[in-house]
Amino acid sequence: MLTASLVTLSACGKPADTDAAKQEAAAGEESASDIPESATKYTPEDLEKSAPMAQKAGPESGVDYHSFANTNDYLIKHVGLDLTADFDNKVLKGEAILDIQRLTRKNPALILDTRDLDITNVRAGVGNSLQDVKFSLGKTDPNLGTPLKINLPKGASRVAIQYQTSPGASGVQWLEPQQTAGKKHPFLFTQAQAIHARSFIPLQDSPKVRVTYKATIRTPEELLAVMSANNDPETEKDGVYEFEMPQPIPSYLIALAIGNLEFKPMGERTGVYAEPELLDAAAAEFEDTEDMLEVTEKNYGPYRWDRYDLLILPPSFPFGGMENPRLSFITPTVIAGDKSLVALIAHELAHSWSGNLITNASWRDLWLNEGFTTYLTNRIMQFVYGDERYQMEMALGYDDLKADLDDREDKDEIMAIDLRGRDPDEVFSNIPYEKGSLFLYELEQKIGRANFDQFLMDYFNHFAFQSITTEDFVKYLDETLLKQYPDKLDRARIQQWIFEPGIPEGAPQPTSDAFTKLDPIRQQWLNGEIKASDIDTDGWTFHQWKYFLDGMPEKLSEDQLAELDSTFDLTQSKNNEIAFSWLMIAVRNQYKPAEPRLEDFLVTIGRNKFLRPLYRNMMVHGQSDSAKRIFEKAKPGYHPLTVKVNSKIIYGD
Ligand code: BES
Ligand code: ZN
């Protein structure tokens, strides 16, 4: 694939140096003499013309189509932040100091990624001797934001940018006290993955660039700031907080939260930050985190990030979890009271190896992050909770994958997905997660578990603190497993998994006895042979409930819905995953008694994994008016990302 794309591009007479092209695009209307030498080859119009050909050729490995940064000329190595959180105006304001490494003897402009930033001054130079320099903003792209072009004095290795964010910054949510558990204090959190760091820091916002960072964060005195860095559980709340992240990380892992937060330890290296109202419940729910950390280290190599803490966010957090290093950000909607949803913690922890230690070089390679993490999650769940839980988690993941394959175009079933010209927020699916994990599971099955575990441990060591492409991984496979097990593995099949749609024939099909025994019971009830109250649900796990509900046919009668609901109290389920599965059934069958719960669910929870399918279902099952009404009501409390992706569903483009 890679070779093919290079050949086709040069056959078109277009150079393969896409970074240079991006630089040119960023140079915008500047005069020719202003344009950096390395970027004099073609204009944005040229790029446009070549697009159909590039489309055919496939994305080029290692090119980040989602950053303007000229990373072939400069690399940012360290970021120093001094930011004040102004809750009245909903802006972060201050300075970012970037230390840059020069990769070229020439002196081209430095191009950074920004989105909706108000840049007031830029200085550059060496050490502390910085002088004001010229800067300009290029043309805004709806997906990528706006390139910031900075003219550097010769030899400059430091840039200081004064700026403030916009109140609608795509990577920051400012919450009113009413949206928090305590209802008294405001809250702020950032969510940088995939390309939102640029909305709160001007930088090279590409996962192939790793930086260390230091930050001073100034907040209202009574609030606490935490970051993906060295949080100090003992710190005094005084409104000025200092952080350091000494390990190099990609920009999408820079994270900040501010709120009325307290800390509770769970183990020697693990603890929880949360509002006081949630702290004890969270610490109890996630008390196995330390065990998870230990088994993962034992099997896959040392945990290299010092502490591992959790931050429990308000329910508007648009994801289940986010693997910000040293401090995973977690939705409160997984505090179910029975540890049934803690696979999420295993998942975010696993990213400390797959993702944070070895990072996808571009968003096309996301499966290297999420597929490995999903595989490790299952293994961690087995180590800590045993075989039955493992089988169930695997089987649910497999069912999710099959459901996703049912409604996706072929090109989006490819693990190394073509994201050119697309917004990553709109495209990510279960494919990188579950297909990636199934692929690794097949490798494990073929060569044996102990051998595969050894491979993973070696892989994490080999590429530690690097960002790699799919091709780097395949090359590594060539040099390791394919050499060691030539009779068990073959390259063609690996290519098929990564570069072709669907699931290769003969792939493993994870199932669970705890699930398959529910099939005849569901069927008997559907046939009217037994009543819901005849079903012995004592001891059913959340996973079994989910399987039982998700396997219901498209249509159920009013009587069937009412019977299920009155017998199992599904509309009032306290488990958000069960409530979600039930609400999906309720929406597609227009089951009225569930409507108040549906509205409450959509207004109070901002997790897109739930919201998107519910809104989509409402739109196709004749409830577009109420979808609009509820969305408009909920909108002021939603995260910018939640607003963006669900507006598309409700109002179209
Ligand atoms: N890193 C992801 C979240 C993410 C992915 C944010 C891509 C932005 C772009 C995180 O680790 C994740 O996968 N979260 C899942 C957890 C689940 C699979 C257990 C989620 O939020 O649902
Ligand atoms: Zn993940």
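Our subject is the structure that appears above.
Bear in mind that the values here come from a model prediction, so they are computed numbers and not experimental data. (Residues numbered from 1 in each chain as written. Chains lettered and ligands numbered in written order. Predicted model: local features only at pLDDT ≥ 70, side-chain atom pairs only at ≥ 80, totals over all residues. Heavy atoms only, no water.)

A. Quick peek at the nonpolar core. In terms of nonpolar packing, the biggest core is built from 196 residues, with Phe439, Phe473 and Tyr615 touching the most fellow members. The element that contributes the greatest number of residues to this core is helix 19 (residues 576-588), accounting for 9 residues. (Core = buried A, V, L, I, M, F, W, Y, C linked by side-chain atoms within 4.5 Å. Buried < 20%, exposed > 50% of the residue type's maximum accessible area, 1.4 Å probe, protein only. Helix = DSSP H or I, 4+ residues; strand = E, 2+ residues; numbered from the N terminus.)

B. Molecular detail of unusual backbone geometry. For the bond running from Gln193 to Ala194, omega is 0°, close enough to zero to count as cis. Examined against the element boundaries, Ala194 turns out to sit in the loop between strand 10 (187-190) and strand 11 (210-218). You will see that Lys183, though not glycine, has its phi angle at about 65°, which is positive. Tracing the sequence through the fold places Lys183 in the loop between strand 9 (172-175) and strand 10. If you check the backbone angles, Gln590 has positive phi at about 50° while not being a glycine. Note that Gln590 resides in the loop between helix 19 and helix 20 (595-604).

C. Local environment of the pattern of salt bridges. One pass over the full model with this rule turns up 38 salt bridges. Arg389 is the partner of Glu393 in a salt bridge, and the nearest nitrogen-oxygen pair spans 2.9 Å. With Glu393 and Arg389 both in helix 8 (residues 387-406) and 4 residues apart, this pair spans about one turn of that helix. Accessibility classification places Glu393 together with Arg389 in one group, the buried group. A salt bridge links Lys411 to Asp412; the nearest nitrogen and oxygen atoms lie 3.7 Å apart. Residue Lys411 is classed as partly exposed on the basis of its relative accessible area of 43%. Exposure remark for Asp412: the relative accessible area of 9% places this residue in the buried category. (Salt bridge = Lys/Arg side-chain N within 4 Å of Asp/Glu carboxyl O.)

D. Geometry of the site of ligand 1. Surveying the vicinity of ligand 1 reveals 15 residues, the closest of which are Gln193, Gly320, Glu323, Glu348 and Tyr433. The contact in question runs from a nitrogen atom of ligand 1 to an N or O atom on the side chain of Gln193, over 2.7 Å. Within the backbone of Gly321, a nitrogen or oxygen atom sits 3.2 Å from an oxygen atom of ligand 1. Looking at the shell around ligand 1, the elements that each hand over two or more residues are strand 18 (321-322) and helix 6 (343-350). At 3 residues, helix 6 tops the list of elements feeding residues into the shell around ligand 1. Of the residues that constitute the shell around ligand 1, the class distribution is 5 nonpolar, 6 polar and 4 charged. (Near = heavy atom within 4 Å. Polar contact = N/O pair within 3.5 Å; in protein donor to acceptor, adjacent residues only side chain to side chain. Nonpolar A, V, L, I, M, F, W, Y, C, P; charged D, E, K, R; others polar.)

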